[in-house]
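Structural characterization, general
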Amino acid sequence: MTAVAASAPGRFPTNQDLDPDRLREAFGTFPSGVVAVAATVDDLPVGLAASSFTSVSLDPPLVSFSIANTSKTWPDLRTATHLGVTILADHHGVVARQLAGPVERRFEGLDLVATAEGAVTLADGLASFDTTIHEEVAAGDHTIVLLRLHAVQRAEATSPLVFHGSVFRRLMVD
């Protein structure tokens, strides 16, 4: 590996490169998985798609996702006793778009599983988690939501949906 001088001229010219459009474009070069986060609120499924999901800790078992502070769904969803998280499979591109669409149509035609505590998951996800909110951390224009895991279910032999360059993609396996 070749070392690069820390003061290489022209490498990072100015902070003007930090405008939101440029940042979104740069962040989009990093592929991420996509999850559905959902629960029963007032006897109806409420949820959203998130591409910021990540594992955090094994002890205690924690995962996280980030939500825009402008989200209209999160204020309702965060009132649920339990939240379901479903890791979306490569055939869920249409589902991910649907979950980001009009609220009243987000769960139309989807095969859902709900726990007695109100966590809602998709029946055909790669993995599903029953969670509760462990902590919310303010982070600029987003909130990082730490979720405590209470149960997990994993499917066999399928690939994840990937979000890359503002497009849903499938993994290509050699």
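Quick look at the structure, then. (Residues numbered from 1 in each chain as written. Predicted model: local features only at pLDDT ≥ 70, side-chain atom pairs only at ≥ 80, totals over all residues. Heavy atoms only, no water.)

For the rest of this paragraph, the subject is the side chain of Ser-128. Take Ser-128: it is sitting in strand β9 (residues 127–139). Look at Ser-128 and you get buried, because its relative accessible area is 12%. Contacts of Ser-128, omitting those with residues within four sequence positions, involve Val-85, Thr-86, Thr-121, Leu-122, Ala-151, Val-152 and Gln-153. (Helix = DSSP H or I, 4+ residues; strand = E, 2+ residues; numbered from the N terminus. Buried < 20%, exposed > 50% of the residue type's maximum accessible area, 1.4 Å probe, protein only. Contact = heavy atoms within 4.5 Å.)

What follows deals with the nonpolar core. Ranked by internal contacts, the top residues of the largest apolar core, which has 20 residues, are Val-37, Leu-48, Phe-65, Trp-74, Leu-77, Leu-83 and Leu-147. Only β2 (35–41), β3 (44–50), β5 (61–68), α2 (74–77), β6 (83–87), β9 and β10 (142–154) provide two or more residues apiece to this core. No other element matches β2, which puts 4 residues into this core. With 12 residues, the next largest nonpolar core counts Leu-88, Leu-99, Phe-107 and Leu-110 among its residues. (Core = buried A, V, L, I, M, F, W, Y, C linked by side-chain atoms within 4.5 Å.)

As a further point, take the pattern of salt bridges. Tallied over the entire structure, the rule returns 2 salt bridges. Between Arg-78 and Glu-136 there is a salt bridge whose closest N-O contact spans 2.5 Å. On the criterion of sequence distance, the pair formed by Arg-78 in the loop between α2 and β6 and Glu-136 in strand β9 is long-range, its members being 58 residues apart. Arg-78 gets classed as partly exposed once you look at its relative accessible area, which sits at 40%. Glu-136 gets classed as partly exposed once you look at its relative accessible area, which sits at 29%. Among the ionic pairs, Glu-108 bridges to Arg-105, the shortest N-O distance being 3.5 Å. (Salt bridge = Lys/Arg side-chain N within 4 Å of Asp/Glu carboxyl O.)

Of note, Val-145 is situated in strand β10. On the basis of relative accessibility, which here comes to 0%, the residue Val-145 falls in the buried class. Distance in space between the C-alpha atoms of Val-145 and Ser-66 is 5.9 Å, their sequence separation being 79 residues. Leave out the neighbours within four places in its chain, and Val-145 touches Val-63, Ser-64, Phe-65, Ile-67, Trp-74, Ile-133, Glu-135 and Glu-136.

Here we come to unusual backbone geometry. Put simply, Asp-59 and Pro-60 share a cis peptide bond, and its omega is 5°. Summarising the element assignment, Pro-60 is placed in the loop between β4 (54–58) and β5. Unlike most non-glycine residues, Asp-42 shows phi in positive territory, near 50°. Tracing the backbone through its elements, the reader meets Asp-42 in the loop between β2 and β3. Since its relative accessible area comes to 71%, Asp-42 is described here as exposed. Of note in this structure, Asp-43 is not a glycine but carries a positive phi near 65°. Residue placement: Asp-43 occurs in the loop between β2 and β3.

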